Amino acid sequence: MHSILVSGGAGYIGSHTVRTLVKQGYKPVVLDSLVTGHRQSVPLDVPFYQGDIADSHLVRKIVEQEHVRAVIHFAARSLVGESVAKPDLYFEENTAKTNRFVSSLLKSGVKRLIFSSTAATYGIPDEVPIPESAVTHPINPYGFSKLMIEQSLAWLEKAYGLKWIALRYFNAAGAALDGSLGEDHIPETHLIPLILKTALGQREAINVLGTDYSTPDGTCLRDYIHVLDLANAHILALEGLETGIGSGVYNVGTGSGYSVKEVIETARKVTGQSIPVLESPRRPGDPDKLVAKVEKIQALLGWAPNYSSLEQIIESAWAWHRSHPFGFG
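The model shown is predicted, which means the values in this text are computed figures rather than measured ones.

*Asks:* Please clarify how the overall build of the protein should be interpreted in this entry.
*Replies:* Summing up its helical and strand segments, the protein has 10 helices and 14 strands in all. Against the globule reference of 20 Å for 329 residues, the protein gives a C-alpha radius of gyration of 19 Å, in line with a compact fold. If one aligns the C-alpha atoms of the protein with their principal axes, the spans along those axes are about 55 × 40 × 40 Å. Within the protein, the proportion of its 329 residues that are buried is 54%.

Dropping the structure here:
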């Protein structure tokens, strides 16, 4: 049976996608360096290779041994702040290594790739909701490192016939519905886990960065997408490529946004905890609103979110944090 290689399959979104692939009858194979991923997040019956995507000998061995027919590529560094401090690290780990990885895949005859991209490719948008056709002006090296990959895929298609889809995610959030798998980053920078760690008493307060944005309550507005809906988008993208849909870029979001204050309020409701708040000045470069225009993925891939109401997202994340207060540790 042919398999789907999932690079970064031990990471947050990757591990949920691996589980979804198994549930839908696919045979995933995971390649992960475990620099930020967790071995415990990958089911034991899924073939697992620890290593680097830039190791062409290893990549070609996996493709041959596991009869890989397509790849879902998550492996990357994804901390915006770290990317600003160490742009060279991000251009190496994300862009240069992906180039080597895809080159190894093409040499091994694999010509279908689903790429994990990001709304950070847009930078500060001129229009909200943001269409895929919006100008891409990343304002940090993380977004830039991903955009360079997107642009390179189009040239690789022209030269070698690579078929690809890049999914630009908005704010991935939530966890497996039974709380058995979720988010565990070191350091944690995402809003919802930080709020829930505050609810657990692991942090004294949640820091709200900026209350003077041009939004209804003055705090940033973001489009939150449940990690299971995101996982499903990758599988639909894969099926799209297999049935001959053209290569291209798709937003993955819900098309509506929630403010930081709304997220905190919903978390208070779900957890029954008071969740103290500290207000601080805004971070440089945070856009007021980031919301996806999602008609394209709905029309062409038949995708729609099933779990992405804010309450469902926070309930599932709370089930994970409560049952795993120290993550996988």
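Okay, back to it.
*Asks:* So what exactly am I meant to see when it comes to helix 2 (residues 56–66) here?
*Replies:* Because an α-helix packs 3.6 residues into every turn, residues spaced three or four apart end up facing the same way. Regarding helix 2, the residues found buried are Leu58, Val59, Ile62, Val63 and Glu66. Each buried residue of helix 2 sits inside an arc of 135 degrees when the element is viewed along its axis, so together they form one side. Residues of helix 2 that are exposed and point more than 90 degrees away from the buried face comprise His57 and Glu64. On its buried face, helix 2 is in contact with strand 1 (3–7), strand 2 (28–32), strand 3 (48–50), strand 4 (68–73) and helix 4 (87–107).

*Asks:* What exactly am I supposed to notice about the side chain of His226 here?
*Replies:* Within the fold, His226 resides in strand 10 (residues 224–226). Ignoring sequence-local partners within four residues, the contact set of His226 consists of Ala173, Gly174, Ala175, Leu177, Tyr307, Ser308, Gln312, Ile313 and Ser316.

*Asks:* Just checking my understanding: could you explain the side chain of His38 for this structure?
*Replies:* With respect to the helices and strands, the residue His38 is situated in the loop between strand 2 and strand 3. A relative accessible area of 16% places His38 in the buried class. Residue contacts for His38: discarding those within four places in its chain leaves Ala10, Asp184 and Phe328.

*Asks:* What am I meant to see in the layout of surface pockets here?
*Replies:* Where empty space is left becomes clear once a probe the size of a water molecule has been rolled over the atoms. Here the second largest pocket defines a volume of roughly 260 Å³. Along the walls of the second largest pocket sit His16, Arg19, Thr20, Lys23, Ala176, Leu177, Asp178, Leu228, Asp229, Asn232, Asn306 and Tyr307, which together make up its complete lining. Ranked by residue count, the leading element in the lining of the second largest pocket is helix 1 (residues 12–23), at 4 residues. Residues of the lining of the second largest pocket, tallied by class, amount to 4 nonpolar, 4 polar and 4 charged.

*Asks:* Got a minute to help me understand the pattern of salt bridges in this structure?
*Replies:* Proximity of charged atoms lets side chains of opposite charge pair with each other. One pass over the structure, following the stated rule, counts 13 salt bridges. Among the salt bridges present, the one from Arg77 reaches Glu82, with a minimum N-O distance of 3.8 Å. When its relative accessible area of 22% is taken as the criterion, Glu82 is described as partly exposed. Several salt bridges converge on common partners, so that one network encompasses Asp52, Glu93 and Lys97.

*Asks:* Where do I start with helix 5 (residues 141–160) in this structure?
*Replies:* Helix length check: helix 5, at 20 residues, gives a terminal C-alpha distance of 28 Å against a target of 28 Å (1.5 Å per residue), a fit within 8%. Three or more residues of helix 5 are buried, namely Pro141, Tyr142, Gly143, Ser145, Lys146, Leu147, Ile149, Glu150, Leu153 and Leu156. The inward-facing, buried residues of helix 5 contact helix 3 (80–85), helix 4, strand 5 (112–118), strand 6 (163–169) and strand 11 (248–252). Phi for Gly161, located one or two positions after helix 5, is positive at around 80 degrees.

*Asks:* Explain the packing of helix 4 against helix 5 here, please?
*Replies:* How two helices sit against one another is set out by the angle between their axes and by the gap between those axes. Between helix 4 and helix 5, the least distance of the axes is 9 Å, while the angle of their chain directions is 20 degrees. The angle between helix 4 and helix 5 falls in the class roughly parallel. Seen along the crossing, helix 4 lies across helix 5 with a hand that is right-handed. Touching Pro87, Tyr90, Phe91, Asn94, Thr95, Thr98, Val102 and Leu106 of helix 4 are Pro141, Tyr142, Phe144, Ser145, Met148, Ile149, Leu156 and Tyr160, all from helix 5.

*Asks:* Would you explain the nonpolar core in this entry?
*Replies:* Where a protein is soluble and globular, its nonpolar side chains tend to be buried together. Membership of the largest hydrophobic core comes to 43 residues, with the highest contact counts inside it found for Ile13, Ile114, Ile165, Leu167, Val252 and Ile297. Of all the elements in the fold, those that place two or more residues in this core are strand 1, helix 1, strand 4, strand 6, helix 7 (227–242), strand 11 and helix 9 (295–301). Here this core takes 8 residues from helix 7, the largest share from any one element. Beyond its immediate chain neighbours, meaning those up to four positions away, Ile13 contacts Phe74, Tyr169, Ala172, Val227, Leu230 and His234. Counting 26 residues, the second-largest nonpolar core is a separate cluster that includes Ile53, Val59, Leu105 and Leu162.

*Asks:* Would you mind showing me how to read the sheet that holds strand 6 here?
*Replies:* Strand pairs in the sheet, formed through backbone hydrogen bonds, run parallel or antiparallel to each other. Taken in spatial order, the 7 strands make up an open sheet running 3-2-1-4-5-6-11, and their pairing is parallel. Unpaired on one side and paired on the other, strand 3 and strand 11 mark the two borders of the sheet. Taking the axes of each pair of neighbouring strands and ignoring which way they run, one obtains an average angle of 20 degrees across the sheet. As judged from the 5 bridges shared by strand 6 and strand 11, these two strands associate in the parallel manner. Bridge pairing links Arg168 to Asn251 in strand 11. The strands touched by helix 4 within the sheet are strand 1, strand 2, strand 4 and strand 5, with strand 4 carrying the most contacts at an inclination of about 170 degrees. Seen against the sheet, helix 7 touches strand 1, strand 4, strand 5, strand 6 and strand 11 and runs at an angle of roughly 160 degrees to strand 6.

*Asks:* Is there a simple way to explain the sheet that holds strand 9 (residues 221–222) in this structure?
*Replies:* Across the sheet, 3 strands lie side by side as 12-9-14; this open sheet has mixed pairing. Every interior strand has two partners, whereas the edge strands, strand 12 (258–259) and strand 14 (289–290), have only one. As paired elements, strand 9 and strand 14 share 2 bridges and run parallel to each other. By the bridge assignment for strand 14, Leu221 is matched with Lys289.

Calculation rules
Residues numbered from 1 in each chain as written. Predicted model: local features only at pLDDT ≥ 70, side-chain atom pairs only at ≥ 80, totals over all residues. Heavy atoms only, no water. Helix = DSSP H or I, 4+ residues; strand = E, 2+ residues; numbered from the N terminus. Rg over C-alpha atoms; globule rule 2.2 N^0.38 Å. Buried < 20%, exposed > 50% of the residue type's maximum accessible area, 1.4 Å probe, protein only. Arc of directions from axis to C-beta. Contact = heavy atoms within 4.5 Å. 1 Å grid on protein atoms, 1.4 Å probe; cavity = no way out; pocket = protein on both sides within 12 Å on 5 of 7 lines; lining within 4 Å. Points joined across faces, edges and corners; volume = space filled by probe spheres on them. Nonpolar A, V, L, I, M, F, W, Y, C, P; charged D, E, K, R; others polar. Salt bridge = Lys/Arg side-chain N within 4 Å of Asp/Glu carboxyl O. Expected span 1.5 Å × (residues − 1). Axes fitted to C-alpha atoms, helices over the stretch in contact; angles between N-to-C directions. Parallel < 35°, antiparallel > 145°, perpendicular 65-115°, else oblique. Left-handed = near helix turned anticlockwise from the far one by under 90°. Core = buried A, V, L, I, M, F, W, Y, C linked by side-chain atoms within 4.5 Å. Pairing = 2+ DSSP bridges.

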